[in-house]
Amino acid sequence: MYRVSPAFNSHLWNVHLTDYDIIIVGGGPAGAAAALYAERHNLRALIVDKSTFPRDKICGDAVSGKSVAMLSDLGLLEEIRALPGAPVGHIVFASPDHTEASIPLDRYPLNDMITGRTLPMEGFVIRREIFDNFLFQKAKTSHCDCLEGFTVEDVLWEGEYVSGIRGTDHTGSAKAFTAPLVLGCDGYSSIIAKKAGLYKHEIAHWMVALRQYWQNVAGLTDQIELHFIDEVRPGYFWIFPTDDNRANIGIGMGHSDIKNKAINLKEMLTKAIESPAFKERFAQARPLEKPVSWNLPVSSKRRKIHGNGFLLLGDAASLIDPFTGEGIGNALCSASTAVETAVSASRAGDYSADFLQQYEDRMWQTLGSELRLSTQLHQLVRSRSMTNFLVRKAARSTYVSDLICGMMANAVPRKHLINPLFYVKLLFK
């Protein structure tokens, strides 16, 4: 039957054997979407989360075009538009020399490779406390069972297969549940990844981000801003508008840079806000919280994200974009692919790592080229002169800004970004 760590005594636990087709650990976007897709495929699902919703999640709060496509696929887009937040019509890239290029999102429709849908290009900034709660409440109204305030402490094993979870609920009661497939949607410090032996903290492939909400920042419009200014190099400074005249302010930077250069992100954020370029915009503004940081395992390398009886999704699978730090869209994509894999595994009666390899392969077939290009673009903008060159061209040339917009909409191949001839051509634009 099942096995766990030696400290586990089955007589002390309320063990539910094979109650579910899948168990989803984590109720964030990946987990909630997985529950909704499970309902679509008539899978019996349990979703557990250690928190009680609504709860905050430290993030930049941007809901990208890819996220919009997945939300449309789930039939939730109209309700998302009605949530408190800010619509995004432009992305501003600003260089170290303070040149700004504003890229409108409406020049091309979004050709989504995951859902096959063609949609108007749009985005939002919605605080995760609101966004995640919306998705989790949708999951609760589906046919899945939901347990909030449940802390997973270990996985159950049957031979070499993960076969369930055990933990304690909000009352302290011990419980265990079994299913032939467990989905780890529990973030960068995933207990499922740790217990399955796949957790690695590789600082070369991790970013750290710092967020602080402010109110009354001047100059907020329908644009999100990414500033590659000297005060935060080799990272970037963001300003994203959200609801109630709030702004999500923050810095993203590679973990290895922070460690090697002994960087204090809080001090760096203060320098950015007080710099000549931003001092006036923050003159009448006030912070709503102390700066808070979190880790971002990025997909600058391919990792193993499956094994016998389990799959890792979203941040637990390190599916964060290495350039932007955005992870919601890829998390939603992983939910769709994971549930489709669960359906195939159920039909075949095969939950082996060999069979579940199809999940990992499909994820990298879908996202791999984009993530590799994002990794190269991240390295490209580490060069001050190259960043200045690119942003100046985008600011002055409709041809260049059209190309960038087209790449974001998947209407123009992103491989141009790593072709040296592309940059030679830009010299004459």
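Here is a short report on the structure shown in this document. Predicted model, so just to flag it, every value in this text is computed and none were measured.

### Here's the deal with the overall build of the chain
Line of reasoning, step 1. Each helix and strand in the chain was counted, giving twelve helices and 24 strands.
Line of reasoning, step 2. For 429 residues, the compact-globule estimate of 2.2 N^0.38 gives 22 Å, and the C-alpha radius of gyration of the chain, at 22 Å, lies within 12% of that figure.
Line of reasoning, step 3. Across its three principal axes, the chain shows a C-alpha extent of roughly 70 × 45 × 45 Å.
Line of reasoning, step 4. Across the 429 residues of the chain, 58% fall into the buried class.
Line of reasoning, step 5. Taking as baseline every contact in the chain between residues at least 6 positions apart, the subset at least 24 positions apart corresponds to 72%.
Line of reasoning, step 6. Accessible surface, the chain: about 17,700 Å² in total, of which carbon and sulfur atoms supply 50%.
Line of reasoning, step 7. Here the chain holds 46 positive side-chain charges and 46 negative ones, and the gap between their average locations is 6 Å.

### Describing empty space enclosed by the protein
Regions of empty space are outlined by a rolling probe, equal in size to a water molecule, passed over the atoms.
Line of reasoning, step 1. The full count for this structure, using the stated rule, is one cavity of 30 Å³ or more.
Line of reasoning, step 2. Put simply, the largest cavity is a space of about 80 Å³.
Line of reasoning, step 3. Taken together, F228, R233, P234, G235, Y236, G252, M253, F323, H378, V381 and R382 make up the full set of residues lining the largest cavity.
Line of reasoning, step 4. Here the lining of the largest cavity is built from residues that sort into six nonpolar, three polar and two charged.

### Here's the deal with the packing of aromatic side chains
Line of reasoning, step 1. Taken as a whole and assessed by the stated rule, the structure comprises twelve aromatic pairs.
Line of reasoning, step 2. With a centroid separation of 5.8 Å and 90 degrees between ring planes, the pair formed by Y188 and W206 is classed as edge-to-face. Within this pair, whereas Y188 is found in the loop between β16 (182–184) and α5 (191–195), its partner W206 is found in strand β17 (residues 206–215), the two being separated by 18 residues in sequence.
Line of reasoning, step 3. Between the aromatic rings of F228 and F323, the centroid separation amounts to 6.1 Å while the plane-to-plane angle is 10 degrees, which identifies the pairing as stacked. Taken as a pair, F228 in the loop between β18 (223–227) and β19 (236–241) and F323 in the loop between β24 (310–312) and α8 (328–348) lie far apart in primary sequence, 95 residues in all. Summarising the burial analysis for this pair, F228 and F323 share the class buried.

### A look at the pattern of salt bridges
Line of reasoning, step 1. Scanning all chains against the criterion turns up 27 salt bridges.
Line of reasoning, step 2. Across the pair D230 and R384 runs a salt bridge, and its minimum N-O distance is 2.8 Å. Here D230 is found in the loop between β18 and β19, whereas its partner R384 is found in helix α10 (residues 384–396), with 154 residues between them in sequence.
Line of reasoning, step 3. Residue R302 is joined to E360 by a salt bridge in which the shortest nitrogen-to-oxygen separation is 3.3 Å. Of this pair, R302 sits in the loop between β22 (292–297) and β23 (306–307) while E360 is found in helix α9 (residues 353–380), placing the two residues 58 residues apart along the sequence.
Line of reasoning, step 4. Through salt bridges with shared partners, one network takes in R127, E129, D243 and R246.

Parameters at a glance
- Residues numbered from 1 in each chain as written.
- Predicted model: local features only at pLDDT ≥ 70, side-chain atom pairs only at ≥ 80, totals over all residues.
- Heavy atoms only, no water.
- Helix = DSSP H or I, 4+ residues; strand = E, 2+ residues; numbered from the N terminus.
- Rg over C-alpha atoms; globule rule 2.2 N^0.38 Å.
- Buried < 20%, exposed > 50% of the residue type's maximum accessible area, 1.4 Å probe, protein only.
- Contact = heavy atoms within 4.5 Å.
- Areas by Shrake-Rupley, 256 points an atom, 1.4 Å probe, with all protein chains shown as cover.
- Lys, Arg positive; Asp, Glu negative; His and termini not counted.
- Charge placed at Lys NZ, Arg CZ, Asp CG, Glu CD.
- 1 Å grid on protein atoms, 1.4 Å probe; cavity = no way out; pocket = protein on both sides within 12 Å on 5 of 7 lines; lining within 4 Å.
- Points joined across faces, edges and corners; volume = space filled by probe spheres on them.
- Nonpolar A, V, L, I, M, F, W, Y, C, P; charged D, E, K, R; others polar.
- Phe/Tyr/Trp six-rings, centres within 6.5 Å; stacked < 30°, edge-to-face > 60°.
- Salt bridge = Lys/Arg side-chain N within 4 Å of Asp/Glu carboxyl O.

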